[in-house]
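Read off the chains here:
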Amino acid sequence: MSTLMTEGKSYYNSASNSFGGLFSNPGMRMAGRYKAIEENVLIEENATIATALTIDTMFINSTAYRYQIKFANLNNKQGKTRSIKNPMTGEKTTITSTEWGLVFNYDIEGNYCAVVLSCDNSAPFNDITDQRTMTLKVIQRFGTDTRELAQATLSRGVSLEDDMNTLSIDVNEREVKVSIGKDELQEVVETSLTRSNGPLQVGYLVGPGARVAIERAVLTIENEKQVAAKTLWTREALDEYFTLSADPVEGYWKYLDRDMQDQWLRLGGRYTLAVVRSDDGYDIIYIDGAQVKKSLWHEGMLKGHMTKTVFSGNYDATWIDATMEPIEKDVQATIENGVILTMSFPVFKSQVRFAKVLSSDD
């Protein structure tokens, strides 16, 4: 068991590495459960009444990460029933809908969050009105208490039987975004959550009667520079803040034009930014528009800083480039007539201008 630090890397579980930390008990056969690698997929079957969790041995210390699993529930054929057993009493029951999903924010106390999938038919005995759908639930479990955080119903873009879907989550310290799809990911749920302090783990779940086949799982950890660039600002918080601000510098600024020497400095995107007051000047907050290294940038991250000088409308500045590297030397910011913000990089003989707009949507 090892500790995973924030290195900005991706960690794969697939047949090429024998599914790494997900296959910690090879050939597992216990109380109605079976796990094995078959034809380049990891198979886990659960014939008991209790949901089975398989947790990766890797620990996550980062505040933000992405976890994706490409998998299928082979026992998700409509019209089929599955037999499950109570290992304590030996009693058997049958079910028609089985659950499977992804586990995240699993802590050392065994508390966790999960995205749980299930499929069902609205009128299984009526060929005319029957519709098959997938229910996606985000749950949070503390001890024996389970709370549902969000739910979505899907009928398109996903396999509703036993083909592969990719399920993806983007997690930070306060929320999770969930995407799913058979051929193309679609974001379906975004919800707030609470998380434990300390290292966390991820994995998958196999509900009673389910037989899950995993083709691959990928854990991507944000690097330290991304974590350092996090702020508490959201677009909604900025909108509310700016309605109360009388400072003419504060507000939204949108890309206008550029004069750049591309051999020394490239445009990272046609950014929309927010400028908010800080102790010694103003913070520059990224809203959207990244084109280079787009996946690194999320709304509310710090894009730069302007420090006041003795000259009105002139600031010493720092700028965080598209690759998360700070540009700190000889960067100046000027504001003309309260409506044009110019970021100048004289060492690179380049500048970028932004125009003030009323809202981030302008």
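Everything here concerns the structure above.
As the structure is a computational prediction, the values presented were derived from the model and not from experiment.

**Q** Help me understand the overall build of the chain in this model?
**A** Summing up its helical and strand segments, the chain has 2 helices and 28 strands in all. Counting only C-alpha atoms, the chain reaches 80 × 50 × 40 Å along its principal axes. Out of the 362 residues in the chain, the part that is buried amounts to 47%. For the chain, the proportion of contacts with a sequence separation of at least 24, taken over those separated by at least 6, is 57%. Approximately 18400 Å² of the chain is accessible, and the part contributed by carbon and sulfur atoms is 47%. Here the chain carries 38 positive and 49 negative side-chain charges, and the mean point of each set is 5 Å from the other.

**Q** What's the story with helix α2 (residues 235-244) in this structure? I'm lost.
**A** Helical periodicity: at 3.6 residues per turn, an α-helix aligns residues three or four positions apart in one direction. The complete set of buried residues in α2 reads Arg235, Leu238 and Phe242. The buried residues of α2 occupy an angular sector of 55 degrees when projected down its axis, which confines them to one face. When the buried face of α2 is taken as reference, the exposed residues oriented beyond 90 degrees from it are Glu236, Glu240, Thr243 and Leu244. At its buried positions, α2 is contacted by β20 (251-259), β21 (269-278) and β22 (281-290).

**Q** Help me out: how do you make sense of the nonpolar core in this one?
**A** As a rule of thumb, soluble globular proteins bury nonpolar side chains together. One finds Phe104 and Val138 to be the most contacted residues of the largest nonpolar core, which totals 43 residues. No other element matches the 5 residues that strand β19 (residues 211-221) contributes to this core. Those residues in contact with valine 138 that sit more than four places away from it in its chain are Phe104, Ala114, Val115, Arg147, Glu148, Leu149, Ala150, Val176, Val178, Val189 and Thr191. Formed by 33 residues, the second largest nonpolar core is a distinct cluster that contains Tyr271, Tyr315, Val331 and Leu341.

**Q** Whenever I open this one, the layout of surface pockets confuses me. Can you help?
**A** In this approach a probe as big as a water molecule rolls over the atoms, and the regions it shows empty are the leftover space. Quantified by volume, the second largest pocket comes out at close to 280 Å³. In terms of lining, the second largest pocket is formed by 17 residues, of which the most central are Arg266, Leu267, Gly268, Asp321 and Ala322. Listed by contribution, the elements that provide at least two residues to the lining of the second largest pocket are β27 (340-345) and β28 (350-357). Considered class by class, the residues forming the lining of the second largest pocket number 12 nonpolar, 2 polar and 3 charged.

Procedures and definitions
Residues numbered from 1 in each chain as written. Predicted model: local features only at pLDDT ≥ 70, side-chain atom pairs only at ≥ 80, totals over all residues. Heavy atoms only, no water. Helix = DSSP H or I, 4+ residues; strand = E, 2+ residues; numbered from the N terminus. Buried < 20%, exposed > 50% of the residue type's maximum accessible area, 1.4 Å probe, protein only. Contact = heavy atoms within 4.5 Å. Areas by Shrake-Rupley, 256 points an atom, 1.4 Å probe, with all protein chains shown as cover. Lys, Arg positive; Asp, Glu negative; His and termini not counted. Charge placed at Lys NZ, Arg CZ, Asp CG, Glu CD. Arc of directions from axis to C-beta. Core = buried A, V, L, I, M, F, W, Y, C linked by side-chain atoms within 4.5 Å. 1 Å grid on protein atoms, 1.4 Å probe; cavity = no way out; pocket = protein on both sides within 12 Å on 5 of 7 lines; lining within 4 Å. Points joined across faces, edges and corners; volume = space filled by probe spheres on them. Nonpolar A, V, L, I, M, F, W, Y, C, P; charged D, E, K, R; others polar.

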